[in-house]
Amino acid sequence: METKWLEDFISLVETNNFSRSAALRHVTQPAFSRRIQSLENWLGTDLIDRTSYPTSLTPAGVVFYEQALEMLAQINGARDMLRSKRAAAQTSIDLAVPHTLSLTFIPKWLTALEQDFAPISSRLMALNVHDAVMQLVEGGCDLLLCYHHPRQPVQLDPGRYDMLVLGRESLRAYARCDKNRVPEFSLPGTKKEPLPFLSYTNNAYLGRMVELILTDARTTLHLDRQYETDMAEGLKMMALEGRGVAFLPESAVTRELKQKQLARADDGSAQWEIEMEIRLYRERPSASRRGKAIVERLWEFLEQQQKSSSRKRRVAVSER
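Conventions adopted
- Residues numbered from 1 in each chain as written.
- Predicted model: local features only at pLDDT ≥ 70, side-chain atom pairs only at ≥ 80, totals over all residues.
- Heavy atoms only, no water.
- Helix = DSSP H or I, 4+ residues; strand = E, 2+ residues; numbered from the N terminus.
- Buried < 20%, exposed > 50% of the residue type's maximum accessible area, 1.4 Å probe, protein only.
- Contact = heavy atoms within 4.5 Å.
- Areas by Shrake-Rupley, 256 points an atom, 1.4 Å probe, with all protein chains shown as cover.
- Lys, Arg positive; Asp, Glu negative; His and termini not counted.
- Charge placed at Lys NZ, Arg CZ, Asp CG, Glu CD.
- Salt bridge = Lys/Arg side-chain N within 4 Å of Asp/Glu carboxyl O.
- Pairing = 2+ DSSP bridges.
- Patch = residues over 30% accessible without salt bridge, like charges linked within 9 Å, V, L, I, M, F, W, Y side chains within 5 Å.
- Axes fitted to C-alpha atoms, helices over the stretch in contact; angles between N-to-C directions.
- Parallel < 35°, antiparallel > 145°, perpendicular 65-115°, else oblique.
- Left-handed = near helix turned anticlockwise from the far one by under 90°.
- Nonpolar A, V, L, I, M, F, W, Y, C, P; charged D, E, K, R; others polar.
- Core = buried A, V, L, I, M, F, W, Y, C linked by side-chain atoms within 4.5 Å.

An unreviewed UniProt entry lists the protein chain under the name LysR family transcriptional regulator, with Duganella qianjiadongensis as the source organism.

A tally of regular secondary structure across the protein chain gives eleven helices and eleven strands. With the C-alpha coordinates of the protein chain rotated into their principal frame, the extents come out at 70 × 50 × 35 Å. Relative to its 320 residues, the protein chain shows a buried fraction of 43%. Considering only contacts within the protein chain whose residues lie at least 6 apart along the sequence, 74% involve residues at least 24 apart. Split by element, the accessible area of the protein chain, about 17,400 Å² in all, is 49% carbon and sulfur. Side-chain charges of the protein chain comprise 43 positive and 41 negative groups, with the mean position of each set lying 5 Å from the other.

Take unusual backbone geometry next. Across the chain, the bulk of peptide bonds are trans and the bulk of non-glycine residues have phi less than zero. For the bond from Leu-187 to Pro-188, the omega torsion is 15°, close enough to zero to count as cis. Tracing the backbone through its elements, the reader meets Pro-188 in the loop between β6 (161-176) and β7 (195-200). Despite not being glycine, Asn-16 shows a phi value in the positive range, around 55°. Classification of Asn-16 as partly exposed rests on a relative accessible area of 39%. Even without a glycine there, the phi angle at Lys-260 is positive, about 60°.

Attention now moves to the pattern of salt bridges. Inspection of the entire model under this criterion finds 24 salt bridges. Glu-2 is the partner of Lys-4 in a salt bridge, and the nearest nitrogen-oxygen pair spans 3.5 Å. Overall, Lys-4 belongs to the partly exposed group, its relative accessible area being 24%. A relative accessible area of 38% places Glu-2 in the partly exposed class.

Both β6 and strand β11 (residues 274-283) contribute to a ladder of ten bridges, which runs antiparallel. Bridging from a neighbouring strand, Leu-171 pairs with Ile-274 of β11. Here β6 pairs with strand β9 (residues 245-249) via four bridges, running antiparallel. Following the sheet pairing, Tyr-174 is matched in β9 by Ala-246. Examined bridge by bridge, β6 and strand β10 (residues 262-264) share three bridges and lie antiparallel to one another. Among the inter-strand pairings, Tyr-174 is bridged to a residue of β10, identified as Arg-264.

Attention now moves to a positive patch on the surface. Side chains of Lys-307, Arg-311, Lys-312, Arg-313 and Arg-314 sit close together on the surface and give a patch of like positive charge. Along the chain, Lys-307 falls in helix α11 (residues 293-318). Judged by relative accessible area, which is 45%, Lys-307 ranks as partly exposed.

As a further point, take the packing of helix α1 (residues 3-15) against helix α3 (residues 29-43). Helix-helix packing is described using two parameters, namely the angle between the two axes and the distance between the axes. Direction vectors running N to C along α1 and α3 enclose 110°, while the axes themselves pass 9 Å from each other. When the interaxial angle is binned, α1 and α3 end up roughly perpendicular. Relative to α3, α1 is oriented so that their crossing is left-handed. Across from Lys-4, Trp-5, Asp-8, Phe-9 and Leu-12 in α1, the residues of α3 making contact are Phe-32, Arg-35, Ile-36, Ser-38, Leu-39 and Trp-42. Of the residues assigned to the contact of α1 with α3, the class counts are seven nonpolar, one polar and three charged.

It is worth spelling out the environment of Arg-20 at this point. Here Arg-20 lies in helix α2 (residues 18-24). Expressed as a C-alpha distance, the spacing of Arg-20 and Leu-136, which sit 116 residues apart in the sequence, is 20 Å.

By size, the foremost hydrophobic cluster in this structure holds 67 residues, and its most contacted members are Trp-109, Leu-144, Leu-171, Tyr-200 and Phe-247. Beyond its immediate sequence surroundings of up to four residues, Phe-247 is in contact with Leu-171, Arg-172, Ala-173, Leu-187, Phe-197, Tyr-200, Val-210, Ile-213, Leu-214, Leu-221 and Trp-272. With 19 residues, the next largest nonpolar core counts Ile-10, Val-27, Phe-32 and Ala-68 among its residues.

Structure representation (structure tokens):
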């Protein structure tokens, strides 16, 4: 059994709604339902009465709810106790980061921080977006770095979590260059000859961004889905092999664009791209969870850095 199954079940009891709980747990509804079923399979009994609406518990579910609360409290209590014993000696920052940003953003960002702030000891956890968010929510990391778009937001309570915008990232279509250094495939394709499409899986955050692009595009795209993965780096490697068109974060293809290995496959059209923010989150320190001193110093530095940049931009605008 996984502890997240307990958390899923408790959330479902509190909301009485699969869709609402799935959103709160940062997972698709089908995936959320599968996890509830996995818990039921592990227990060997039904917890949810699926013959009624709204969602209600079976007699076994009522009994297990109290047990789930107690088990989760004990697990979290043991974890917090053990972490508190080593917190004073810790000077390392634990970062939860989606796979793409761990490869494209983090190395340069940490290098810049060590030049402007101080040397940093860090531990990086490269995860999918959902698991990265849950690491922060469950106290498994100090900082969360992730993409954000208003139509696919990271739903963290602003009363509990602080946030800084560190940058912006464009997601666009790319394809391999031919010997004339032009893309081998170019949007939009035709109904008769659809373009081979290298796609993200349904549970990938960037996949949801691509769906927004396809939905909003003024021109219909004709794509033949031929390959799926949840990692942008995997799609990039397939694109470099000439296997089709892939929507990739701009920072992931900087070197390949300079070397003319890849090129934009959208003819420079803005209708087939989307811009995301790169955000940094932390749990706001409280009397019961003060956090690490190194994280507090870093956060203060980043806040001052952003305020300074904002002042400089305002002065530059006023002097025009």
